[in-house]
2 protein chains.
Amino acid sequence: MPETDLDPFREALGHGGVLSEAGETEPYVLDHRGLMRGETPAVLRPRSVAEVQEVVRLAGRLGFGIVPQGGNTGYVGGATPEPGRRQLVVSLERLASLRSIDPLNFTMECDAGMILAQAQAAAAEHGLLLPLSLGSEGSCRLGGNLGTNAGGLQVLRYGMARDLVLGIEAVLADGSLFGDMRSLRKNNVGTDVKQLFVGSEGTLGIVTGVVLKLWPSQDYRATAWVSLAEGAPLPEIAARLRRETADLVSTFELISGNSLALVERMRGGALGVAAGSGGALLIELSASIERIPLEELLLACLEGLMEAGYVEDAVLAQSESQRRAFWAIRETIPEGEKAAGGSVKLDIALPVSALATFLERAGAELARKMPEVRLSFYGHVGDGNLHYNLLVPEGRERVAFTHEVNEGVAHTVYEIARDLGGSYSAEYGIGRFKRDLLERYADPTRLTLVGAIKRALDPEGRLNAGAML
Amino acid sequence: MPETDLDPFREALGHGGVLSEAGETEPYVLDHRGLMRGETPAVLRPRSVAEVQEVVRLAGRLGFGIVPQGGNTGYVGGATPEPGRRQLVVSLERLASLRSIDPLNFTMECDAGMILAQAQAAAAEHGLLLPLSLGSEGSCRLGGNLGTNAGGLQVLRYGMARDLVLGIEAVLADGSLFGDMRSLRKNNVGTDVKQLFVGSEGTLGIVTGVVLKLWPSQDYRATAWVSLAEGAPLPEIAARLRRETADLVSTFELISGNSLALVERMRGGALGVAAGSGGALLIELSASIERIPLEELLLACLEGLMEAGYVEDAVLAQSESQRRAFWAIRETIPEGEKAAGGSVKLDIALPVSALATFLERAGAELARKMPEVRLSFYGHVGDGNLHYNLLVPEGRERVAFTHEVNEGVAHTVYEIARDLGGSYSAEYGIGRFKRDLLERYADPTRLTLVGAIKRALDPEGRLNAGAML
């Protein structure tokens, strides 16, 4: 490709707006998990919505495709330009400001390139909570969170990214601007087009702005590390916890014994907490005021669970630093897996009531078909999301093993989940790594509609071709 | 039209499945507010999803259009077949069963024709709450609630109908079945097509089934009737209430002095509660357990508001019967308006922070342009939804006055709302009565997309033609 093709973009975006040297583009073309090295003629970095429109129009005129990119922290290659497709990366990283915040309306309006943690901090300055919270919050960006309908640690209480969105602004495939940025909790004015941009992975438009719901800051917390007895019934425990604590549970995370052991090994010693033979739970209640007796509520519930024989031991965090220590364990599991040679991550969703059956069936099948594999599973089981990870066996190469699992035993696991009413993608999405799964497991009528909507909004297939479909 | 045209439907649906006598079809062709008398060759009443598919296919073959109908309780004529269009009404009233309930997963699966109150009751039997709650809950049906993205009395805490939906099943324009009925809180598998069926008023498919989220029953409540001082700042009051009660506010309803007076007049005497010069509030907190000190929290907050001079007086319900009496006042306002000669209902949405400015500006403009009109406004102001109603002046005919307002001063009100970031339709929708408003106020890019989606899903325009577009 002649380098001059990029000149119109340089004119439009100015100095620093176009990256085309291999060294410069590297961080944008390598996916977060290092499973795919993409290829792009250039990374475009618009600083305004008008500049996004301009580069989309130019790309169309010059025959380039576009891959929208936020923080490039996705797990399924949804933001990675594909070799051979001549796709420009449009990075939103310079369209990253807070537009406004309305504390009395409990809403904030942000550029889509804003880093999630910065949006959380901007809300916190006003005593408000933006409850979307995930491992990559320090580098992921709101547009990506919306495009992938991000989940994370507090879905049980606050819902997915979709549930937090009131308004969306997006640049369409032809460069026109869709704007539906009202800060309204109710606005029934016909087909709600903006919903399409949530979870469609940048295939229908480039999200440039977003209005988010906020909540009062939850400054008071009670946090427990719980060791579970053999066969402890997770669904019943989760349901009792919700009922008996006035639904103030914001986190209910399962940590398997194996996952805890990985963190112990990486840290080189005991962590002061233990997993029972049923694993461990990290439970957190939160409230905006001190008068809610969170610790009492949590203790009373845990005592009941101990009496029922479900809980072996429970430790309440006695200080913010102990609380942080509990959380650090949960958050270090992915690193622990990495240190142990890596893992293949299966992102399972299940009706909460089917968790135990799933663990039993999937565990038995894996032991039969791949006896050399150890599991590390953990996750947001309060909302039915299990990160069910297969550790790379010693001596095996990670990428090759990943492909082997994905083409083989992963389907055994996915089919068990499907038969229980579950899904092969709780929060990661489809991207480029799970396209075949979508084709294999999706209802054909739904797929037909996904295609029809894509053709209606992006008839020439300019936006993120190769992702999802 | 030759009567024989209906024979294939009679064959498909059997005895009682097809109503075509004028006396039989009357309840289905007259809209809920008596503003429009529609016309239909027949009302079809399928008893199964397969029968819905069958009648959609037959209607296509025989050149009929279709208007899906639930409880026919809408306010904007969205379920009324239009004269001259040859539209069959497909009523879901015989596809109205609970399919299943999963208490450990906090979900229920229902036929779309199920009456909302029956779904609430089915959940309550398991100690669970279906929080969707509105005036017509005794006769409206879930499919209609979804098709219109119903709001109601608890949106502040639980969101709109969309926020309660996990799964949807719908019969498409060609009779094929779209099924996405997983009971999963997380399921990111590409463009979320099912979102399109929420709020699109039956123009994209006939919803036949739904999976809904449930919560623990909220059996403990604290309810207050609050008289507001002149100029009491509603947004600040709502925000303080949310913050100071750990966000356990499930209802925050404004009742204007005029609205209360209408109820008093209808009941023929004082009601034991009063509105201050700033109107009155009905506030309710709720929780699933007794240990949350709801009354204390509410009292403490109200004391602060009295000290600030915002609240003149507040009465806490001392018994369930007193609580019901407070609620009955709020729920009787529409009847009170009817008894006083009727009203033109403007369904305004605003950022909560803009409420006071709106009331001031709209009140002043109305006093100037239509000095003979008295207002009755009330509504779910905790989420920015104001039912801003103009009472029919004595001696005027209701329907004629309605048209006069809708073609004249209503726009003044809508424009004030729009300029403040608000909307002319918070929860009623567009239907057949607000089509011109959609054209007038909608962003043209959004309208283009609404049209493109309609053509993609219903290229021949069979479903609810005339509604919305």
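Residues numbered from 1 in each chain as written. Chains lettered and ligands numbered in written order. Predicted model: local features only at pLDDT ≥ 70, side-chain atom pairs only at ≥ 80, totals over all residues. Heavy atoms only, no water.

1. Remarks on the domain arrangement of chain A
All names here are of chain A.
Phase 1 of the analysis: Per the domain assignment, the segments of chain A are domain 1 (3–91), domain 2 (98–216), domain 3 (220–335) and domain 4 (341–428).
Phase 2 of the analysis: Inter-centroid distance (C-alpha atoms) of domain 1 to domain 4 is 33 Å.
Phase 3 of the analysis: In total, about 520 Å² of surface goes out of reach between domain 1 and domain 4, with carbon and sulfur atoms giving 60% of it.
Phase 4 of the analysis: Area buried by domain 1 at its contact with domain 4 is led by Arg-33, Leu-35 and Tyr-75, which between them contribute 81% of it.
Phase 5 of the analysis: Here domain 1 and domain 4 share zero salt bridges between them.
Phase 6 of the analysis: Between the two partners, domain 1 and domain 4, sit one residue pair in polar contact (both at pLDDT 80 or more).
Phase 7 of the analysis: Residue composition of the side of domain 1 that touches domain 4, by class: three nonpolar, one polar and one charged. (Domains from an automatic or database assignment. Buried area = accessible area lost by both parts, 1.4 Å probe. Salt bridge = Lys/Arg side-chain N within 4 Å of Asp/Glu carboxyl O. Polar contact = N/O pair within 3.5 Å; in protein donor to acceptor, adjacent residues only side chain to side chain. Nonpolar A, V, L, I, M, F, W, Y, C, P; charged D, E, K, R; others polar.)

2. Notes on the packing of aromatic side chains
All names here are of chain A.
Phase 1 of the analysis: Going through the model one piece at a time under the given rule, you end up with 20 aromatic pairs over all chains.
Phase 2 of the analysis: Taking 5.7 Å as the distance between ring centres and 70 degrees as the angle between the ring planes, the aromatic pair formed by Phe-9 and Phe-64 counts as edge-to-face. Note that Phe-9 is positioned in helix H1 (residues 7–13) and Phe-64 in the loop between helix H3 (49–62) and strand E3 (65–69), a separation of 55 residues in sequence.
Phase 3 of the analysis: Overall, Phe-64 belongs to the buried group, its relative accessible area being 3%.
Phase 4 of the analysis: Ring centres 5.3 Å apart and planes at 45 degrees place the aromatic pair Phe-178 and Phe-197 in the tilted group. Residue Phe-178 is found in strand E9 (residues 177–180), and its partner Phe-197 is found in the loop between E9 and strand E10 (206–213); the two are separated by 19 residues along the sequence.
Phase 5 of the analysis: Overall, Phe-197 belongs to the buried group, its relative accessible area being 2%. (Phe/Tyr/Trp six-rings, centres within 6.5 Å; stacked < 30°, edge-to-face > 60°. Helix = DSSP H or I, 4+ residues; strand = E, 2+ residues; numbered from the N terminus. Buried < 20%, exposed > 50% of the residue type's maximum accessible area, 1.4 Å probe, protein only.)

3. Here's the deal with the pairing of strand E5 (residues 98–102) of chain A
Residue and element names in this part refer to chain A.
Phase 1 of the analysis: Alignment of E5 against strand E6 (residues 107–111), held across four bridges, turns out to be antiparallel. Following the sheet pairing, Ser-100 is matched in E6 by Glu-109.
Phase 2 of the analysis: Connecting the antiparallel pair E5 and E6 is a turn made up of four residues, with Phe-106 showing a positive phi of about 55 degrees. (Pairing = 2+ DSSP bridges.)

4. Brief notes about the packing of helix H9 (residues 257–267) of chain A against helix H11 (residues 320–339) of chain A
Residue and element names in this part refer to chain A.
Phase 1 of the analysis: For the pair H9 and H11, interaxial distance at closest approach is 8 Å and the crossing angle is 75 degrees. In this view, H9 runs roughly perpendicular relative to H11, as classed from their interaxial angle. Mapping the contact onto sequence places Ser-259, Leu-260, Leu-262, Val-263, Met-266 and Arg-267 in H9 and Ala-328, Ile-329, Thr-332, Ile-333, Glu-335, Gly-336, Glu-337 and Ala-339 in H11.
Phase 2 of the analysis: Of the residues that constitute the contact of H9 with H11, the class distribution is eight nonpolar, three polar and three charged. (Axes fitted to C-alpha atoms, helices over the stretch in contact; angles between N-to-C directions. Parallel < 35°, antiparallel > 145°, perpendicular 65-115°, else oblique. Contact = heavy atoms within 4.5 Å.)

5. Some words on the UniProt feature "domain: FAD-binding PCMH-type" (unreviewed entry) in chain A
Phase 1 of the analysis: Mapped onto this structure's residue numbering, the UniProt feature "domain: FAD-binding PCMH-type" (unreviewed entry) falls at residues 36–217 of chain A.
Phase 2 of the analysis: Spanning residues 36–217 of chain A, this segment combines 20% helix with 25% strand, and its end C-alpha atoms are found 39 Å apart. (UniProt positions renumbered as here; feature names shortened; annotations may be inferred.)

6. So, the pattern of salt bridges
Phase 1 of the analysis: A complete count under the given rule lists 63 salt bridges over all chains for this structure.
Phase 2 of the analysis: Measuring nitrogen to oxygen at the nearest pair gives 3.1 Å for the salt bridge that ties B:Glu82 to B:Arg435. In this pair, B:Glu82 sits in the loop between strand E3 (65–69) and strand E4 (87–91) while B:Arg435 sits in helix H15 (residues 435–441), placing the two residues 353 residues apart along the sequence.
Phase 3 of the analysis: Its relative accessible area of 11% is what places B:Glu82 among the buried residues.
Phase 4 of the analysis: Since its relative accessible area comes to 25%, B:Arg435 is described here as partly exposed.
Phase 5 of the analysis: In this structure, a network of salt bridges that share partners links the residues A:Arg221, A:Glu284, A:Glu320, A:Arg323 and A:Arg324.

7. Considerations on the pairing of strand E17 (residues 375–379) of chain B
Residues and elements named next belong to chain B.
Phase 1 of the analysis: Counting buried positions along E17 yields five of five residues, so the element is predominantly enclosed.
Phase 2 of the analysis: Covered by surrounding structure in E17 are Leu-375, Phe-377 and Gly-379 together with Ser-376 and Tyr-378, the residues of both alternating faces.
Phase 3 of the analysis: The sheet contact formed by strand E13 (residues 249–255) and E17 spans two bridges and is antiparallel. Pairing of Leu-254 across the sheet is with Gly-379, part of E17.
Phase 4 of the analysis: Pairing analysis gives four bridges linking E17 to strand E18 (residues 385–391), with the strands arranged antiparallel. Bridge pairing links Tyr-378 to His-387 in E18.
Phase 5 of the analysis: The turn joining E17 and E18, which pair antiparallel and follow one another in sequence, is formed by five residues; a positive phi near 80 degrees is taken by Gly-384.

8. Here we look at the interface of chain A and chain B
Phase 1 of the analysis: Contact with chain A, which involves 92 residues of that partner, is made by 92 residues of chain B.
Phase 2 of the analysis: Counting across the chain A and chain B interface gives eight salt bridges.
Phase 3 of the analysis: For A:Asp192, the salt bridge identified is with B:Arg162, shortest N-O distance 3.5 Å.
Phase 4 of the analysis: For the interface between chain A and chain B, the tally reads 42 residue pairs in polar contact (both at pLDDT 80 or more).
Phase 5 of the analysis: Only helix H7 (161–164), E9, strand E11 (215–216), helix H8 (234–244), helix H10 (294–307) and helix H16 (444–457) of chain A provide two or more residues apiece to the side of chain A that touches chain B.
Phase 6 of the analysis: When residues of the side of chain A that touches chain B are assigned to their parent elements, the largest contribution, eight residues, is made by H16(A).

9. Remarks on H9(A)
Residues and elements named next belong to chain A.
Phase 1 of the analysis: All buried positions along H9 are accounted for by Ser-259, Leu-260, Leu-262 and Val-263. The buried side chains of H9 occupy one side of the element, clustering within an arc of 155 degrees when seen end-on.
Phase 2 of the analysis: Buried residues in H9 make contact with strand E12 (220–228), strand E13 (249–255), H11, strand E17 (375–379) and strand E18 (385–391).
Phase 3 of the analysis: Just downstream of H9, Gly-268 is the residue with a positive phi angle, here 75 degrees. (Arc of directions from axis to C-beta.)

10. Focus: the sheet that holds E4(B)
Residue and element names in this part refer to chain B.
Phase 1 of the analysis: Spatially, E1-E2-E4-E3 is the arrangement adopted by the four strands of the open sheet, whose pairing is mixed. The open sheet has two edge strands, strand E1 (18–19) and E3, and neither has a second partner.
Phase 2 of the analysis: Sheet analysis places E3 next to E4, joined by five bridges and oriented parallel. Bridge assignment links Gly-65 to a residue of E4, and that residue is Gln-87.

11. Here's the deal with the side chain of B:Ser343
Residue and element names in this part refer to chain B.
Phase 1 of the analysis: Relative to the elements of secondary structure, Ser-343 occurs in strand E16 (residues 343–349).
Phase 2 of the analysis: A relative accessible area of 7% means that Ser-343 is categorised as buried.
Phase 3 of the analysis: A polar contact of 2.6 Å, which involves the side chain of Ser-343, links it to the side chain of Glu-337.

12. So, the environment of A:Leu212
All names here are of chain A.
Phase 1 of the analysis: For Leu-212, the location among the structural elements is in strand E10.
Phase 2 of the analysis: Residue classification places Leu-212 among the buried positions, given a relative accessible area of 4%.
Phase 3 of the analysis: The spatial distance from the C-alpha of Leu-212 to the C-alpha of Phe-106 is 8.5 Å, given a sequence separation of 106 residues.
Phase 4 of the analysis: Setting aside chain neighbours within four positions, we find Leu-212 in contact with Phe-106, Thr-107, Met-108, Leu-130, Leu-142, Leu-164 and Val-165.

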